[in-house]
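If you want the building blocks of each chain, they are given just below.
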Amino acid sequence: MRELSIGSSRIELVRGDITAQDTDAIVNAANTSLLGGGGVDGAIHRAGGPAILAECEQLGGCATGDAKITTGGRLTAKHVIHTVGPVYRDGRHGEPDLLASAYRRSLEVATANGLTTIAFPSISTGAYRFPIAAAARIATATVARALRAGSGITLVRFVLFSATDLAAYEQALADTAAGLQKEEKKR
Ligand code: APR
């Protein structure tokens, strides 16, 4: 499954590069310093230019599980929402809740800034070593619940860098959809 409609909102999965997305905001997989890094972080700062870092330097960092917004600089997207996912240890040190919080807070920041479309990379599944299947389940379930609760967001796009990541998110989205249907039946 590569697309799920929830009310008037939609979740979609694509394979591609987060820096090329034309949504109102793209989400950065940042670290707590907000001063740049590799992976998604490096790609966004390279593509968006120095204006993004200049704003990040004024933000005083970002706690794990939180999210902060800056300009998108030279990116197509007008804004970058920087969020910090957890470093995965063993899944028993609050990592799942912190990962869910990173997605939830990113959506809250988008809504607070009047944005309606947002693109996420797969937070924490690179340098932070969160297992992709578990991370994909948390990501899709957290976003689906936030959209069902009503958030003003009309499109959430997950942008996966590899075919294996995309396959993991397809499975997770199908499981999330099945879970929502079960909950609907119980209501
Ligand atoms: N577009 C989309 N996805 C990408 C891109 C890209 N241009 N580049 C990498 N990815 C994918 C990776 O394959 C991985 O699945 O994004 C996922 C997250 O990987 P990381 O960027 O390593 O992010 P994360 O695991 O959250 O680690 C964050 O890495 O870059 C540093 O400063 C960053 O310290 C922070 C840490």
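In what follows, the structure referred to is the one given above.
Cut-off values and rules
Residues numbered from 1 in each chain as written. Predicted model: local features only at pLDDT ≥ 70, side-chain atom pairs only at ≥ 80, totals over all residues. Heavy atoms only, no water. Helix = DSSP H or I, 4+ residues; strand = E, 2+ residues; numbered from the N terminus. Rg over C-alpha atoms; globule rule 2.2 N^0.38 Å. Buried < 20%, exposed > 50% of the residue type's maximum accessible area, 1.4 Å probe, protein only. Contact = heavy atoms within 4.5 Å. Polar contact = N/O pair within 3.5 Å; in protein donor to acceptor, adjacent residues only side chain to side chain. Axes fitted to C-alpha atoms, helices over the stretch in contact; angles between N-to-C directions. Parallel < 35°, antiparallel > 145°, perpendicular 65-115°, else oblique. Left-handed = near helix turned anticlockwise from the far one by under 90°. Nonpolar A, V, L, I, M, F, W, Y, C, P; charged D, E, K, R; others polar. Core = buried A, V, L, I, M, F, W, Y, C linked by side-chain atoms within 4.5 Å.

Visitor: Mind laying out the overall build of the protein, listing which residues take part and the relevant values?
Guide: In terms of helices and strands, the protein carries five helices and seven strands. Start at the N end of the protein and walk to the C end: the helices and strands fall as β-β-β-α-α-β-β-α-β-α-β-α. Computed over the C-alpha atoms, the radius of gyration of the protein is 15 Å, within 12% of the 16 Å expected from 2.2 N^0.38 for a compact globule of 187 residues. Its C-alpha atoms give the protein principal-axis dimensions of about 50 × 35 × 30 Å. Out of the 187 residues belonging to the protein, those deemed buried represent 49%. Contacts in the protein between residues at least 24 apart in sequence constitute 68% of all its contacts with a sequence separation of at least 6.

Visitor: Tell me what's going on with the environment of Asp90, and back it up with residues and numbers.
Guide: For Asp90, the location among the structural elements is in the loop between strand S5 (79-84) and helix H3 (95-112). Note: C-alpha distance between Asp90 and Ala135 (45 residues apart in sequence) is 13 Å. In terms of polar contacts, Asp90 uses its side chain to reach the backbone amide nitrogen of Arg92, at 2.7 Å.

Visitor: Talk me through the environment of Thr164; I want residue IDs and the actual numbers.
Guide: The topology assignment puts Thr164 in helix H5 (residues 163-186). The class for Thr164 is exposed, based on a relative accessible area of 62%. The spatial distance from the C-alpha of Thr164 to the C-alpha of Thr23 is 24 Å, given a sequence separation of 141 residues.

Visitor: With reference to specific residues and values, describe the packing of H3 against helix H4 (residues 132-148).
Guide: Two elements in contact, H3 and H4, have axes whose closest approach is 9 Å; the angle formed by their N-to-C orientations is 40°. When the interaxial angle is binned, H3 and H4 end up oblique. As H3 packs across H4, the resulting crossing turns out to be right-handed. In this structure, H3 contributes Pro96, Leu99, Ala100, Tyr103, Arg104 and Leu107 to the contact, and H4 contributes Ala135, Ile138, Ala139, Thr142, Val143 and Ala146. A class-by-class count of the residues in the contact of H3 with H4 yields 10 nonpolar, one polar and one charged.

Visitor: Please give an account of the packing of H4 against H5 that cites residues and values.
Guide: In the contact formed by H4 and H5, the axes pass within 8 Å of each other and the chain directions differ by 45°. When the interaxial angle is binned, H4 and H5 end up oblique. The handedness of the crossing between H4 and H5 is right-handed. Across the interface between the two elements, Ile132, Ala135, Ala136, Arg137, Ala139, Thr140, Ala141, Ala144, Arg145 and Arg148 of H4 pack against Asp165, Ala168, Tyr169, Ala172, Leu173, Thr176, Leu180, Glu183 and Glu184 of H5. Tallied by class, the residues present in the contact of H4 with H5 amount to 11 nonpolar, two polar and six charged.

Visitor: Residue-level account of the nonpolar core, with values.
Guide: Side chains of nonpolar character tend, in soluble globular proteins, to be buried together. Ranked by size, the top nonpolar core spans 38 residues in total, and within it Ile11, Tyr103, Ile118, Phe120, Val143, Val156 and Phe158 carry the most contacts. For this core, the elements supplying multiple residues, two or more each, are strand S1 (3-6), strand S2 (9-15), strand S3 (25-30), H3, strand S6 (117-120), H4, strand S7 (155-160) and H5. The element best represented in this core is H4, accounting for eight residues. Contacts of Ile11, omitting those with residues within four sequence positions, involve Arg2, Glu3, Leu4, Ile6, Thr140, Val143, Ala144, Leu147, Val156, Phe158 and Leu173. Grouped together as the second largest cluster of nonpolar side chains are 14 residues, Ile26, Ile52, Cys62 and Val80 included.

Visitor: How would you sum up the environment of Ile18? Please name residues and give values.
Guide: Mapping Ile18 onto the fold places it in the loop between S2 and S3. For Ile18, a relative accessible area of 5% corresponds to the buried category. As for Ile18 and Cys56, which are separated by 38 residues in sequence, their C-alpha atoms are 19 Å apart. When near neighbours in sequence (up to four residues on either side) are disregarded, Ile18 contacts Ile26, Val27, Val40, Ile44, Ala119, Phe120, Pro121 and Val159.

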